[in-house]
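Chains, contacts and geometry: an overview
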Amino acid sequence: MKIARQAGALRLVALVSALVVAAGAQAGEVEVLHWWTSGGEAKAASALKATMQGKGHGWKDFAVAGGGGDAAMTVLKSRVVSGNAPAAAQIKGPSLQEWAAEGVLANMDAVAKAEKWDEVLPKAVSDVMKYKGNYIAVPVNVHRVNWLWANPAAFQKAGAKMPTTWDEFFTAAEALKKAGIIPVAHGGQNWQDFTTFESVALGVGGVDFYKKALVQLDPATLSGATMEKVLATFKRVKSYTDKNAPGRDWNLATAMVIKGEAGMQLMGDWAKGEFIAAGKAPGKDFVCVAAPGTAAAFTFNIDSFALFKIKNADNQKAQSDLAAAIMAPAFQEVFNLNKGSIPVRLGVDLAKFDDCAKLSSKDFVADAKSGSLVPSIAHGMAVPSATEGAIKDVVSQFWNADKMTAKEAQTRLVAAAKTR
Ligand code: BGC
């Protein structure tokens, strides 16, 4: 009896080991660099981790905190230079081409073909994911940057009206201030200054001005009267922020609106991920409206992962599975519900999404048709990274230096726009 039981147990051990070995032959590991560390972002990132683990692969989290990703990009550069690239890294827009030109990215055409990416992605998006016609990256979402987030209870207390123009914005800000509420929640970090700046530029100057100034970097537009007005309006926003804004992380600024300490925040819809993670309901506890003057335009910011050349065959398999998983409809749904963005894949059912996401999706399509879909310069979509960095610095210097005139800032902007 005892011997038979032991033999049975041994057979079971052998069977389990065989299964583990079989699974082990398939399983690899992906190291994934990203900067999704806030509440909503981390929830979205963990959906990706769970998906990969569900496929039997290991997940090595390479999170580098810092909104907008500047810190993450610095760390990534040193890792790649030392020959130790992660399998995937959050890289976006024109930077994808810059990395591909270094010869460090992997060709993902086999996955793209099998998963029909050309058919399920808008062409404007798939073009950015390709280098010399080959896929080197996979997109995950579409964020809209030109949003204003507001706390309706704070507005009610102040007797203020939700603004649709910059004049109304400042009227509301004044009322909030009188009611003892911080009008604008802001974090004084250069990418946040820049995020505010581009929404002001779009709202004050309009779509054509935005394209000429911040996409084509036209010197006459950068030094013209409209840009002067944009800079003056931008600086006026600062007077409605609090004295603790310098250095504050964006999600802490969002938390101020969540708690009603502040009335509004100008931020992309990753901020919605924070409201949702805090259990707040759109339309009731918080409101999303287009940044003043921008209802008929859409500043897009598409998150994507570049896939690096890696050696180990199991890890290469894991990398391909990661790319396929990111584009799968079920993942697009769960990820974007947490992230605050909308699916980048065409035809994903939006039934579970809220009204902010539905508006974003409707406007994305309408603005693509009308030509008012514009790339976010603050989030790496519009110009080469060196140019972006130089312009961003000027914008923050202007925001911070009390004595710099708009004219002076314009002279610097023209010079910065030539940086490559
Ligand atoms: C990224 C978002 C991220 C945000 C704040 C943006 O540049 O595209 O995914 O949530 O920065 O970190």
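Cut-off values and rules
- Residues numbered from 1 in each chain as written.
- Predicted model: local features only at pLDDT ≥ 70, side-chain atom pairs only at ≥ 80, totals over all residues.
- Heavy atoms only, no water.
- Disulfide = S-S within 2.5 Å.
- Helix = DSSP H or I, 4+ residues; strand = E, 2+ residues; numbered from the N terminus.
- Buried < 20%, exposed > 50% of the residue type's maximum accessible area, 1.4 Å probe, protein only.
- Domains from an automatic or database assignment.
- Contact = heavy atoms within 4.5 Å.
- Buried area = accessible area lost by both parts, 1.4 Å probe.
- Salt bridge = Lys/Arg side-chain N within 4 Å of Asp/Glu carboxyl O.
- Polar contact = N/O pair within 3.5 Å; in protein donor to acceptor, adjacent residues only side chain to side chain.
- Nonpolar A, V, L, I, M, F, W, Y, C, P; charged D, E, K, R; others polar.
- Pairing = 2+ DSSP bridges.
- Right-handed = clockwise from strand over helix to strand, strands pointing away.
- Near = heavy atom within 4 Å.
- Areas by Shrake-Rupley, 256 points an atom, 1.4 Å probe, with all protein chains shown as cover.
- Axes fitted to C-alpha atoms, helices over the stretch in contact; angles between N-to-C directions.
- Parallel < 35°, antiparallel > 145°, perpendicular 65-115°, else oblique.

Glancing now at the state of the cysteines. Per the counting criterion, the structure on display carries one disulfide. The disulfide partner of Cys288 is Cys356, and the S-S distance across this bridge is 2.2 Å. Taking the torsion about the S-S bond as the criterion, the Cys288 to Cys356 disulfide, at about -105°, is left-handed. You can see Cys288 sitting in strand E11 (residues 287-290) and its partner Cys356 sitting in helix H17 (residues 355-370), a full 68 residues away along the chain. Classification of Cys288 by relative accessible area gives buried; the value is 15%.

Accessible area lost on assembly of the parts is the figure often given for the size of an interface. If you check the domain split of the chain, you get domain 1 (5-142 + 301-363) and domain 2 (147-299 + 376-416). Taking the mean C-alpha position of each, domain 1 and domain 2 sit 30 Å from one another. Between domain 1 and domain 2, the contact holds 25 residues from the first and 28 residues from the second. Regarding the contact of domain 1 and domain 2, the summed buried area is about 2,100 Å², with carbon and sulfur atoms giving 55% of it. For the interface between domain 1 and domain 2, the tally reads two salt bridges. Between Lys392 and Asp70 there is a salt bridge whose closest N-O contact spans 3.2 Å. Inspection of the domain 1/domain 2 interface yields eight residue pairs in polar contact (both at pLDDT 80 or more). Breaking the side of domain 1 that touches domain 2 down by element, the ones donating at least two residues are helix H2 (39-54), helix H4 (94-101), helix H16 (329-339) and H17. Ranked by residue count, the leading element in the side of domain 1 that touches domain 2 is H17, at five residues. A class-by-class count of the residues in the side of domain 1 that touches domain 2 yields six nonpolar, 12 polar and seven charged.

Next up on the list: the pairing of strand E8 (residues 147-150). By the alternation rule, side chains of E8 split into Trp147 and Trp149 and Leu148 and Ala150, which are all buried. Pairing of E8 with E11 involves four bridges; the strand directions are antiparallel. Bridge pairing links Trp149 to Cys288 in E11. In this structure, E8 lies alongside strand E10 (residues 262-266), joined through three bridges in antiparallel fashion. Across the sheet, residue Trp149 finds its bridge partner in E10, namely Gln265.

For a regular strand, the rule is simple: side chains alternate between the two faces of the sheet. With five of six residues buried, strand E1 (residues 29-34) is to be regarded as a mostly interior element. With six bridges joining them, E1 and strand E2 (residues 58-63) adopt parallel strand pairing. Each residue of the ladder has a partner; that of His34, found in E2, is Ala63. In terms of handedness, the path from E1 via H2 over to E2 forms a crossover that is right-handed. With two bridges joining them, E1 and strand E3 (residues 88-90) adopt parallel strand pairing. What sits directly across from Val32, in E3, is Ala88.

Of all residues adjacent to the ligand, which total 14 residues, the nearest are Glu41, Lys92, Asp303, Lys339 and His379. Contacts to the ligand include Trp35, whose side-chain N or O atom sits 3.2 Å from an oxygen atom. In this structure, Glu41 approaches the ligand through a side-chain N or O atom, which is 2.4 Å from an oxygen atom. Within the complex, 100% of the 310 Å² of free accessible area of the ligand lies under protein.

Moving on, we get to the pattern of salt bridges. Two side chains with opposite charge may pair up if their charged atoms get near one another. In this structure the tally under the stated criterion is 15 salt bridges. Close ionic contact of Lys130 with Asp118 constitutes a salt bridge, the shortest N to O distance being 3.0 Å. Of the two residues, Lys130 is situated in strand E4 (residues 130-131) and Asp118 in helix H6 (residues 117-120); the sequence distance between them amounts to 12 residues. Two residues, Arg144 and Asp363, come together in a salt bridge whose shortest N-O distance is 2.9 Å. Of the two residues, Arg144 is situated in strand E7 (residues 141-144) and Asp363 in helix H17; the sequence distance between them amounts to 219 residues. For Arg144, a relative accessible area of 0% corresponds to the buried category.

Examined against the element boundaries, Thr254 turns out to sit in helix H13 (residues 250-259). Residue class for Thr254 comes out buried when judged on its relative accessible area of 0%. Those residues within four positions of Thr254 in sequence are excluded, and the remaining contacts are Gln265, Ala271, Glu274 and Phe275.

All right, on to the packing of H2 against helix H14 (residues 270-277) then. It is the contact of H2 with H14, at a shortest axis distance of 7 Å, that shows an interaxial angle of 90°. As judged from the angle between their axes, H2 and H14 are roughly perpendicular. Contact residues: H2 offers Gly39, Gly40 and Glu41, while H14 offers Gly273, Glu274 and Ala277. Along the lines of polarity and charge, the residues of the contact of H2 with H14 split into one nonpolar, three polar and two charged.

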